[in-house]
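Next come the chains, spelled out residue by residue.
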Amino acid sequence: MDKLHLDQHISQQFNLELEDIRNKVLTMGGLVEQQVTNGLTALLEADNDLATKVAESDHEINRMEVDIDEDCTQVLARRQPAASDLRLIVTVIKVITDLERIGDEAEKLGRFSRDLTEMADDLPSYRKELRHLGELVKSMLHDSLDAFARLDVDAALAIAQRDEDVNNEYRTLERLLGTHLVEDPRQVSKLFKITWCARALERVGDHSVNICEYVVYLVKGRDIRHTSFDKIRSEFIK
């Protein structure tokens, strides 16, 4: 595991500012995790009250994004950071953007879950598939935030590779829903909403991969977006 020395500045105040920003990102990440968990629970348990809470709670995540962004802007303006400090600020700005978008996906889960609970029958036989997909993306999100907290490049790369499992689960569920739609077109509204829930979960996985890529950038100074995993493995994985 690589280490950055973000606490070794002449100014103790600068140390505190950087640490405060990192802590705020992790706090925002924890809130986003809870929103995703609540959205999935509302979907699987047809909990209308919880679905409504998730659908109407996105403003807190948005507020945190704005606050952290402002903190980063102030550091850039007053401290003019270089090297790893600058990479940290750039990484934070990118991470909170993805966290805000994960919050948007959780909000969609809440809205679609609320719609589904108001229909005559809810998820037919798709609860198991949605649960499995949801648990995969929840673990990716949690572990990507943990990799960010620990600056763990090896873990970040391993987590990113798990996205293929998420994609496979999503494609399988998409095929099942497509077949069901052909067999029973009267269910079109319900099946589309289930598909959108699955798509929201799949996007959470994509954003978690982005966070992992930012960890590599922060620690190694290398932008690995749009780079094949085999090439990354040869450079970073021992």
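Just so you know, these numbers come straight off a predicted model, no measurement behind them. (Residues numbered from 1 in each chain as written. Predicted model: local features only at pLDDT ≥ 70, side-chain atom pairs only at ≥ 80, totals over all residues. Heavy atoms only, no water.)

**What to know about the overall build of the protein chain**
And then number 1: Looking only at helices and strands, one finds nine helices and zero strands in the protein chain.
And then number 2: Its helices and strands taken in sequence order, the protein chain reads α-α-α-α-α-α-α-α-α from the N to the C terminus.
And then number 3: For the protein chain, buried positions account for 47% of its 238 residues.
And then number 4: Within the protein chain, counting contacts between residues at least 6 apart in sequence, those at least 24 apart form 82% of the total.
And then number 5: Just so you have it, the protein chain exposes about 11,500 Å², and 49% of that area is on carbon and sulfur atoms. (Helix = DSSP H or I, 4+ residues; strand = E, 2+ residues; numbered from the N terminus. Buried < 20%, exposed > 50% of the residue type's maximum accessible area, 1.4 Å probe, protein only. Contact = heavy atoms within 4.5 Å. Areas by Shrake-Rupley, 256 points an atom, 1.4 Å probe, with all protein chains shown as cover.)

**A look at the packing of aromatic side chains**
And then number 1: A full pass over the atoms with the stated rule returns two aromatic pairs.
And then number 2: When the centroid spacing of 5.3 Å and the interplanar angle of 40 degrees are considered together, the rings of Phe-112 and Trp-196 count as tilted. Taken together, the residues span a long stretch of sequence, with Phe-112 in helix α4 (residues 83–117) and Trp-196 in helix α8 (residues 188–220) at a distance of 84 residues.
And then number 3: Classification of Phe-112 as buried rests on a relative accessible area of 11%.
And then number 4: With a centroid separation of 6.0 Å and 25 degrees between ring planes, the pair formed by Phe-192 and Trp-196 is classed as stacked. Residue Phe-192 and its partner Trp-196 are both found in helix α8; the two are separated by four residues, about one turn of the helix.
And then number 5: Exposure remark for Phe-192: the relative accessible area of 40% places this residue in the partly exposed category.
And then number 6: Through pairs of rings, three or more aromatic residues link up here, namely Phe-112, Phe-192 and Trp-196.
And then number 7: Here the basic side chain of Arg-111 rests over the ring of Phe-112, its NZ or CZ set 5.3 Å away from the ring centre. (Phe/Tyr/Trp six-rings, centres within 6.5 Å; stacked < 30°, edge-to-face > 60°. Lys NZ or Arg CZ within 6 Å of the ring centre and 35° of its normal.)

**Quick notes on unusual backbone geometry**
And then number 1: Residues other than glycine seldom take positive phi values, yet Ala-46 does so here, at roughly 50 degrees.
And then number 2: Along the chain, Ala-46 turns up in the loop between α1 (12–45) and α2 (48–55).
And then number 3: For Ala-46, a relative accessible area of 31% corresponds to the partly exposed category.
And then number 4: Not every positive phi belongs to a glycine, and Ala-83 is a case in point at roughly 55 degrees.

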